[in-house]
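So the chains spell out like this:
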Amino acid sequence: MKVITKIEQATAENRPFWSFEYFPPKTQQGINNLYDRMERMYKLGPTFIDVTWGAGGSTSDLTLELCDTAQSVYGLETTMHLTCTNMPKEQIDFALKKAKECGIQNILALRGDPPRGQEVWTACESGFSNAVDLVRYIREQYGDYFCVSVAGYPEGHLDATSFEEDLRFLKEKVDAGADYIVTQLFYDVELFLEWVKKCREIGIQCPILPGILPIQNYNGFKRMTTLCKTFVPQAILDELEPIKEDDQAVKDYGVRLAISMCRRMQEEGILGFHFYTLNLERSTRLVLEGLNFVPAQETVRPLPWNPSLSKKRANENVRPIFWRNRVKSYIARTENWDDFPNGRWGDSRSPAYGNLGVHGVSLKQSMKEAKQLWKSPQNLSEICQLFADYCSGKVLALPWSDQPLLPESGAITEKLVNINRLGYLTINSQPAVNGVESSHKVHGWGPQNGYVYQKAYLEFFVSPEALDRLVHKINQDPYITYYAINKQGDLRTNTQSDEPNAVTWGIFPGKQIVQPTIVEAYSFTVWKDEAFELWGEWAKVYEPEEPTRQCIESIMDNWYLVNVVHNDYQDADAIFKIFDIEDEQQ
């Protein structure tokens with residue numbers, strides 16, 4: 001969806017809205033961590049995010065990748081920055097073409113800052129001289145396909161000969177086809193409000209979003225405001241002076257200041273706010289909480305997983321549960337699908353299914369970070385304890401799970417810890433839920449006034465001997481279905497049908513039953529390749545002669561990957577009865 005459409009919807013409903021800016025990190029680990037942060041900040045309910053563009057397209061590939069991933073994997077409506085700095089027209093054409101191919105429909109058109117080491121901005125050969133030319137060109141080439149936004153400068157652009165001239169340039173950008181304006185950062189709210197008034201007086205009627213940069217640390221604040229020649233009211237400088245050596249006190253003050261600035265603007269009817277996050281999360285989150293900007297549950301969880309905003313996946317409302325903790329690889333496997341009939345998950349036998357592309361399977365962590373995180377377990381008992389520690393929150397990630405356990409696992413955490421200590425190494429789980437309201441803070445998802453349900457589900461690795469004992473118990477409970485498969489592809493199951501088994505569903509007013517999460521045999525056999533390969537990636541962290549590597553490789557080569565569904569969703573503890581602690585200890 002175009003950002004301007006979302007802004008117009010919020011304005012019509014007279015409700016506040018907010019957005020976040022990110023920049024491309026310099027390292028692969030920084031990129032991985034930014035993706036984690038984007039996924040977490042999705043829960044803060046931004047109307048959109050934007051990603052900056054390096055001078056001369058220096059970050060063009062990464063900017064496009066970040067925008068594409070944010071939109072298709074994490075479900076964040078994304079705006080791509082595009083600058084004129086050192087960008088010949090051919091490079092602009094390429095960037096716009098790639099953006100459209102990725103399904104990006106929102107562009108922030110900027111002249112850009114001078115390249116590093118160059119004091120005066122000059123256009124490159126065949127390039128554009130200013131943002132007005134870029135806006136016109138986008139409209140000439142693509143009509144109204146893109147929503148185009150531009151920058152505004154409440155204190156006037158540094159290169160403008162006068163404040164009035166800068167306002168005229170802004171009016172030209174809007175007249176050329178800009179849909180809305182995002183401002184440069186500022187700290188004088190009254191100055192901003194007066195500037196908005198002057199914009200309206202000269203006929204600029206499009207939405208104007210104030211750019212808010214919560215102060216993170218004193219030196220950074222001074223550097224940024226000096227670079228941008230931003231006016232800072234003396235009262236702010238006076239309040240910072242006695243605490244400038246205390247980083248936490250400065251951060252806390254920055255949050256309070258941003259909240260007070262936004263409240264003052266709200267008094268004057270400003271509804272939308274654009275936060276320069278500096279790729280950080282905490283301050284922005286605290287500002288939103290302080291403003292009581294609570295996103296609607298429908299916005300944060302329209303489905304149990306973040307719906308992709310890729311146009312190719314517009315009707316997708318069903319996914320296999322196996323990739324819940326590795327969404328990026330699931331999207332990579334299915335990005336070229338053309339099989340989403342009637343909004344269902346599609347045919348898992350599609351010839352496009354299962355290809356992970358050039359990226360393959362990998363750990364999120366570097367080798368050094370992996371060793372710091374998981375240490376060097378010497379034997380099976382220590383590996384079991386590592387998995388148990390993950391379930392209890394003492395370890396923050398596993399190769400199969402980049403994030404800590406979801407809040408919904410709180411009800412079964414102790415049971416998960418116990419079965420991991422017994423040698424059932426869990427990598428995915430969900431508790432049974434019997435008709436809680438869709439607005440429930442932990443289990444809720446989907447439209448208001450509905451009810452949601454879940455079957456208890458567990459996925460884990462287990463030794464062949466323990467699997468035999470487990471299957472014996474499973475066979476005594478007619479409500480349990482399971483699949484078990486080893487690295488070699490030997491499949492064991494008590495399920496005779498190839499039909500998908502819905503493990504999450506919701507019932508909402510005026511809608512058919514929605515079944516967004518399933519267990520299905522074919523997709524499980526595809527997932528097992530990735531699941532076992534992650535053991536191999538983990539093993540590579542250690543030298544071949546190390547006991548840790550030998551133990552990990554033994555599990556990879558000999559154990560089974562198992563998923564178990566207890567189909568009686570009314571009995572929350574039933575799935576754990578097959579893990580009889582006393583029997584296992586005898």
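Residues numbered from 1 in each chain as written. Predicted model: local features only at pLDDT ≥ 70, side-chain atom pairs only at ≥ 80, totals over all residues. Heavy atoms only, no water.

Draft legend 1. Quick peek at the overall build of the protein chain. For the protein chain, the count of helices and strands is 20 helices and 18 strands. Here the C-alpha radius of gyration of the protein chain, 27 Å, is about what a compact globule of 586 residues would show, namely 25 Å. Out of the 586 residues in the protein chain, the part that is buried amounts to 55%. Here the protein chain has roughly 26,200 Å² of accessible surface; of this, 48% comes from carbon and sulfur atoms. (Helix = DSSP H or I, 4+ residues; strand = E, 2+ residues; numbered from the N terminus. Rg over C-alpha atoms; globule rule 2.2 N^0.38 Å. Buried < 20%, exposed > 50% of the residue type's maximum accessible area, 1.4 Å probe, protein only. Areas by Shrake-Rupley, 256 points an atom, 1.4 Å probe, with all protein chains shown as cover.)

Draft legend 2. Representation of the packing of aromatic side chains within the structure. What the rule picks out here adds up to 31 aromatic pairs. Ring centres 6.1 Å apart and planes at 35 degrees place the aromatic pair phenylalanine 273 and phenylalanine 293 in the tilted group. Of the two residues, phenylalanine 273 sits in strand E8 (residues 272-276) while phenylalanine 293 sits in the loop between helix H11 (282-290) and helix H12 (297-300), which places them 20 residues apart along the sequence. Aromatic side chains phenylalanine 387 and tryptophan 400 sit 5.8 Å apart centroid to centroid with 40 degrees between the ring planes, which places their arrangement in the tilted category. Linking phenylalanine 387 in helix H15 (residues 380-391) with tryptophan 400 in the loop between H15 and helix H16 (413-421), this pair joins segments that are 13 residues apart in sequence. (Phe/Tyr/Trp six-rings, centres within 6.5 Å; stacked < 30°, edge-to-face > 60°.)

Draft legend 3. Quick peek at helix H10 (residues 247-267). Look at H10: 31 Å from first C-alpha to last across 21 residues, which is about the 30 Å you get at 1.5 Å a residue. Taken together, the buried positions of H10 are occupied by Val250, Tyr253, Gly254, Val255, Leu257, Ala258, Ile259, Met261, Cys262 and Met265. Contact partners of the buried residues in H10: helix H7 (189-201), strand E7 (208-212), helix H8 (218-227), helix H9 (234-240), E8 and H11. Sitting at the amino-terminal end of H10 is aspartate 246, which places a side-chain oxygen 3.2 Å from the backbone nitrogen of glutamine 248. (Expected span 1.5 Å × (residues − 1). Contact = heavy atoms within 4.5 Å. Polar contact = N/O pair within 3.5 Å; in protein donor to acceptor, adjacent residues only side chain to side chain.)

Draft legend 4. Region of the structure containing the sheet that holds strand E12 (residues 451-454). With mixed pairing, five strands are arranged side by side in an open sheet as E9-E17-E16-E12-E11. Edge positions in the open sheet fall to strand E9 (319-320) and strand E11 (433-437), since each of these has one partner strand only. (Pairing = 2+ DSSP bridges.)

Draft legend 5. Quick look at the pattern of salt bridges. Evaluation of the coordinates by the stated rule reveals 31 salt bridges. Note that glutamate 13 is salt-bridged to arginine 15, the shortest N-O span being 2.5 Å. Judged by its relative accessible area of 52%, glutamate 13 is exposed. Put simply, Glu190, Arg264, Glu267 and Glu268 are held in one network by salt bridges that share partners. (Salt bridge = Lys/Arg side-chain N within 4 Å of Asp/Glu carboxyl O.)

Draft legend 6. Quick look at the packing of helix H18 (residues 521-539) against helix H19 (residues 547-558). Their axes nearest at 9 Å, the elements H18 and H19 cross at an angle of 170 degrees. If you check the angle between H18 and H19, you find them roughly antiparallel. Between H18 and H19, the residues in contact are Phe532, Trp535, Gly536, Trp538 and Ala539 and Arg549, Ile552, Glu553, Ile555 and Met556, respectively. Each residue belonging to the contact of H18 with H19 can be placed in one class, and the counts come to seven nonpolar, one polar and two charged. (Axes fitted to C-alpha atoms, helices over the stretch in contact; angles between N-to-C directions. Parallel < 35°, antiparallel > 145°, perpendicular 65-115°, else oblique. Nonpolar A, V, L, I, M, F, W, Y, C, P; charged D, E, K, R; others polar.)

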